[in-house]
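Residue-level structure breakdown
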Amino acid sequence: MPIYDISYTSLIFCFFLLVIPIFISRKIRLELEKSTLEAVFRMSIQLFFAGLFLNFIFNLNNGLLNLAWVGLMIFFASYTAIKSADLNVKKLFVPIVISIAFSNLVILLYVNKFVINLENLFDARYLIPIAGMLLGNALRGNVVGIGDFYNDIKRNENRYLYSLSIGAGRYEAVIPYLRKSLRAAIKPTLANIYSIGIVSLPGMMTGQILGGASPLIAIKYQITIMVAIYVSTLLSTTLSILTSFGTAFDDYGLVNKELYEKSS
């Protein structure tokens, strides 16, 4: 089956589709015209340069370089998760980056070794795309989970302090907030899993089919990826919250006020 390339001229026709949201925005005064154009322009430039670099990495296919690229992805995912949750980066960066790195690398290498059965676990063709899918979903889960957890404690500070005052330990006092935040973090992933195959055909499966792979092969890869995404998202969010306790709470179980002060 031939793979149809999209020429740069054809890509311009894709950009013509933006006329529709811009028209809607102007018609009902959403004021999204500038944001839309800036976002699409930034995405296109970033993807263009990422494509050039990834093409170089794929051709070289050096294990250490591939891991370094994944490490860079983890670094930015951790930073973005904390910033998006409106919390202090300096206070949380170390525990979050360790949690996201550990959980995603363990799941990633497990899939490459025991599910896909790769001879080279660090093959760029598999390592980087799968890492990107895991990290993208782990990022969303961490933004929701970490943000909900600490902001919920702040909103219910009196109730939390009351639990501590009647003898509850720190873990016992935070467990209701931990449950709530983890459910919120994983809910979109579960909803996505429920709907796949009936409501939607996900990106990886669609991409493989468009690339000429058999639908049955694409389905097996998609099942693998969705299970890996679910596990890595829940694991990384759980670890991110638990490992952040050391810097987020003081010796008396009180939340460090600096945690809510945004930093660059």
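Notes on the pattern of salt bridges
Scanning the entire structure with this criterion turns up five salt bridges. Among the ionic pairs, E33 bridges to R26, the shortest N-O distance being 3.9 Å. Residues K257 and E157 are paired through a salt bridge, measuring 2.9 Å at the closest nitrogen-oxygen approach. In this pair, K257 sits in the segment after α11 (245-248) while E157 sits in helix α7 (residues 157-165), placing the two residues 100 residues apart along the sequence.

Some points on the packing of aromatic side chains
Throughout the structure, instances matching the rule amount to 13 aromatic pairs. The interplanar angle of 85° and the centroid separation of 5.7 Å between the aromatic rings of F13 and F16 together place this pair among those described as edge-to-face. Pair check on accessibility: F13 and F16 agree, each one exposed. A connected cluster of aromatic rings, assembled from ring pairs, spans F149, Y150, Y160, Y177, F245 and F249. Above the plane of the ring of Y260 lies K154, whose end atom (NZ or CZ) is 4.6 Å from the centre.

What about the packing of helix α3 (residues 33-60) against helix α6 (residues 124-155)?
As a packed pair, α3 and α6 sit with axes 9 Å apart at the nearest point and diverge in direction by 140°. Judged by the inter-axis angle, α3 sits oblique to α6. Residues L54, I57 and F58 of α3 lie in contact with α6, whose contacting residues are A124, R125, I128 and P129.

Let's talk about helix α4 (residues 63-84)
For α4, spanning 22 residues, the distance from its first C-alpha to its last is 31 Å, which sits close to the expected 32 Å at 1.5 Å a residue. Considered for burial, the residues of α4 that qualify are N66, V70, I74, A77, S78, A81 and I82. For α4, the angular spread of the buried residues around the axis is 135°, confining them to a single face. Looking at the buried residues of α4, the elements they touch are α3, α5 (89-115) and α6. Capping the start of α4, N62 holds a side-chain oxygen 3.0 Å from the backbone nitrogen of L64, two or three residues further along. The first or second residue beyond α4 is D86, which carries a positive phi of 60°.

Rules and cut-offs
Residues numbered from 1 in each chain as written. Predicted model: local features only at pLDDT ≥ 70, side-chain atom pairs only at ≥ 80, totals over all residues. Heavy atoms only, no water. Salt bridge = Lys/Arg side-chain N within 4 Å of Asp/Glu carboxyl O. Helix = DSSP H or I, 4+ residues; strand = E, 2+ residues; numbered from the N terminus. Phe/Tyr/Trp six-rings, centres within 6.5 Å; stacked < 30°, edge-to-face > 60°. Buried < 20%, exposed > 50% of the residue type's maximum accessible area, 1.4 Å probe, protein only. Lys NZ or Arg CZ within 6 Å of the ring centre and 35° of its normal. Axes fitted to C-alpha atoms, helices over the stretch in contact; angles between N-to-C directions. Parallel < 35°, antiparallel > 145°, perpendicular 65-115°, else oblique. Contact = heavy atoms within 4.5 Å. Expected span 1.5 Å × (residues − 1). Arc of directions from axis to C-beta. Polar contact = N/O pair within 3.5 Å; in protein donor to acceptor, adjacent residues only side chain to side chain.

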